[in-house]
Amino acid sequence: MPLLVMKFGGTSVADLDRIANAAQKVQREVERGYDVIVIVSAMSGKTNELVGWVEKTSPLYDAREYDAVVSSGENVTAGLMALRLQEMGIPARSWQGWQVPINTTSAHGSARFVSIPPDNMNAKFAEGFKVAVVAGFQGLSAEGRITTLGRGGSDTTAVAFAAAFGAERCDIYTDVDGVYTTDPRICSKARKLEKIAFEEMLELASLGAKVLQTRSVELAMRYKVRLRVLSSFEDTDETSGTLVCDEDEIMESKVVSGVAYSRDEAKMTLVKVEDRPGIAAAIFGPLADAGVNVDMIVQNISELDDPSDKRAYTDMTFSLPTNQVERAKKAMEDAKAAGQFAYAKLVTDTDVAKISVVGIGMRSQVGVAAKMFAALAAENVNIKVISTSEIKISVLIDRKYMELAVQALHDVFELDKA
Ligand code: ASP
Ligand code: MG
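## Side note on the nonpolar core
Move 1: Val5, Ile37, Met121, Phe161 and Cys170 are the most contacted members of the largest nonpolar core, which totals 46 residues.
Move 2: Excluding its chain neighbours within four sequence positions, the residues that come into contact with Met121 are Ile37, Trp95, Val100, Ala132, Val134, Phe161 and Phe165.
Move 3: Met6, Phe8, Ala82 and Leu230 belong to the second-largest nonpolar core, a separate cluster that totals 24 residues.

Okay, here's the thing in structure tokens:
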């Protein structure tokens with residue numbers, strides 16, 4: 001039997017009506033001849049509520065009990081979905097993580113898959129069951145305790161099942177109808193993409209396009225699971241939504257496929273640090289130890305204000321999430337106080353945003369950066385930091401120009417045209 005994985009996110013199973021609506025989509029695939037593994041999230045808002053209850057009960061909670069509580073939202077929707085399907089005459093059974101079993105590491109709250117042995121579930125399909133409804137987001141540790149995979153983890157559950165069972169495709173039903181060239185809320189010309197390559201999706205996912213959990217895309221790329229993102233609120237068919245797939249499946253890709261942005265960025269500069277071997281390690285070691293996610297890094301010659309001082313100095317600038325600024329400041333001040341290195345000043349700018357253009361076509365095309373910078377210059381947007389990778393160029397700019405910059409880049413790379 002050909003097999004399909006269908007995943008329904010929290011808004012798609014938010015109440016009994018929506019569960020019934022999702023069940024109809026499952027029914028359609030069963031009628032087409034598929035065995036289906038359905039992965040469900042908790043009803044929207046439920047996981048937040050459960051997390052809140054845990055934190056209220058025990059601020060320094062035992063992570064095993066956090067997982068015991070927080071995983072329960074998915075159990076409810078899995079059972080309800082199985083019941084709904086049964087009411088429609090479809091042989092369906094629900095599965096919690098331990099019943100499959102979904103074996104994971106013991107990192108409670110951020111566990112990773114170890115294995116998903118298919119035998120138990122295949123035996124049920126062989127008995128005549130058409131649908132297995134699996135509680136997303138959860139697993140089982142070697143110690144026999146329930147684990148969870150990190151927020152948004154049901155996407156990753158879906159991809160893992162598609163890989164383990166060799167599914168034809170993994171359909172992710174959500175509250176948007178696909179992946180867009182940029183956020184339609186800030187750029188009215190944003191266009192839905194028919195296809196996007198794994199690598200591009202990975203960049204967009206990690207840059208804050210919140211459609212898919214980043215790890216699910218990593219997993220899909222590794223096991224070449226074809227992923228489709230589509231709306232559970234619309235009539236859909238095999239051509240709906242956006243297919244996230246191998247670049248070989250994309251006949252002609254544009255140089256730039258999307259523009260991503262991240263609002264919550266900050267920039268820090270250590271002014272006049274002594275320039276010597278080991279200075280970068282001395283700075284970024286303590287930042288890493290403090291759990292600061294440094295993203296872009298620029299090192300510059302520092303201006304010489306004292307001609308008699310013959311030592312070499314450098315300015316070190318880096319970007320980080322806004323909510324980690326205090327932690328980063330403290331790490332730097334502590335390192336300075338401990339004599340690990342010295343600097344003249346620590347300058348923080350929390351009014352910046354990061355804008356990135358992403359596209360696998362960049363690998364073979366020159367002049368993309370120049371075009372991007374010219375478009376920003378034409379809008380009088382000043383660039384503060386630049387970083388590039390093979391398929392991405394990112395700039396840090398003043399946050400107040402964020403929307404303008406996204407629109408200008410969307411225009412210059414003609415992303416509104418297919
Ligand atoms: N319910 C979990 C969460 O809200 C997992 C998921 O929906 O993907 O994070
Ligand atoms: Mg989600």
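## Considerations on the pattern of salt bridges
Move 1: If you walk through the whole model with that rule in mind, you get 24 salt bridges.
Move 2: When the shortest N-O distance is used, the salt bridge between Arg363 and Glu199 registers 2.6 Å. Highlighted residues: Arg363 in the loop between strand E16 (345-358) and helix H11 (368-378) and Glu199 in helix H7 (residues 198-206), separated in sequence by 164 residues.
Move 3: Taking relative accessible area as the criterion, Arg363 reaches 34% and is therefore assigned partly exposed.

## Quick word on the site of ligand 1
Move 1: As a structural note, the neighbourhood of ligand 1 is formed by Ser41, Ala42, Thr47, Glu74, Phe137, Arg151, Gly152, Gly153 and Ser154.
Move 2: A distance of 2.8 Å is found between a nitrogen atom of ligand 1 and a side-chain nitrogen or oxygen belonging to Thr47.
Move 3: A distance of 3.3 Å separates an oxygen atom of ligand 1 from a polar atom in the backbone of Gly153.
Move 4: In isolation ligand 1 offers 260 Å² of accessible surface; the protein chains occlude 85% of this area.

## A short note on the sheet that holds strand E10 (residues 195-197)
Move 1: With respect to topology, eight strands assemble into an open sheet ordered E3-E6-E2-E1-E9-E11-E12-E10, the strand pairing being mixed. Two strands lie at the open edges of the sheet, namely strand E3 (92-95) and E10, each paired on one side alone. Across the sheet, the mean angle separating the axes of adjacent strands is 20 degrees when strand polarity is ignored.
Move 2: Of the pairings in the sheet, the one linking E10 to strand E12 (residues 242-245) comprises three bridges and is parallel in character. Within the sheet, the bridge partner assigned to Ile196 lies in E12 and is Val244.
Move 3: On top of the sheet, helix H4 (residues 72-87) reaches strand E1 (3-8), strand E2 (35-40), E3 and strand E6 (131-135); it is set at about 165 degrees to E6, its chief contact.

## Observations concerning helix H8 (residues 214-223)
Move 1: Within the span of H8, buried status applies to Arg215, Ser216, Val217, Leu219 and Ala220.
Move 2: Among the structural elements, strand E5 (113-115), helix H6 (154-164), H7 and strand E11 (227-231) are those in contact with the buried residues of H8.
Move 3: Two residues or fewer after H8 comes Lys224, characterised by a positive phi angle close to 50 degrees.

## What to know about helix H10 (residues 325-337)
Move 1: Between its first and last C-alpha, H10 extends 18 Å over 13 residues, near the 18 Å set by a 1.5 Å rise per residue.
Move 2: Of all the positions in H10, only Val325, Ala328, Ala331, Met332 and Ala335 are classed as buried. End-on view of H10: buried residues confined to an arc of 130 degrees, all on one side of the axis. More than 90 degrees from the buried face of H10, the exposed residues found are Glu326 and Ala337.
Move 3: Among the structural elements, strand E13 (258-274), helix H9 (279-289), strand E15 (313-321) and E16 are those in contact with the buried residues of H10.

## Details of the pairing of E16
Move 1: Bridge count between E13 and E16: eleven bridges; the pairing is antiparallel. Paired with Lys267 across the bridge in E16 is Asp349.
Move 2: By the bridge criterion, seven bridges tie E16 to strand E18 (residues 392-398) in an arrangement that is antiparallel. When the sheet's bridge partners are listed, Ser356 is paired in E18 with Ser394.

Rules and cut-offs
Residues numbered from 1 in each chain as written. Chains lettered and ligands numbered in written order. Predicted model: local features only at pLDDT ≥ 70, side-chain atom pairs only at ≥ 80, totals over all residues. Heavy atoms only, no water. Core = buried A, V, L, I, M, F, W, Y, C linked by side-chain atoms within 4.5 Å. Buried < 20%, exposed > 50% of the residue type's maximum accessible area, 1.4 Å probe, protein only. Contact = heavy atoms within 4.5 Å. Salt bridge = Lys/Arg side-chain N within 4 Å of Asp/Glu carboxyl O. Helix = DSSP H or I, 4+ residues; strand = E, 2+ residues; numbered from the N terminus. Near = heavy atom within 4 Å. Polar contact = N/O pair within 3.5 Å; in protein donor to acceptor, adjacent residues only side chain to side chain. Areas by Shrake-Rupley, 256 points an atom, 1.4 Å probe, with all protein chains shown as cover. Pairing = 2+ DSSP bridges. Axes fitted to C-alpha atoms, helices over the stretch in contact; angles between N-to-C directions. Expected span 1.5 Å × (residues − 1). Arc of directions from axis to C-beta.

Keep in mind that these numbers describe shape and distance, not what the molecule does.
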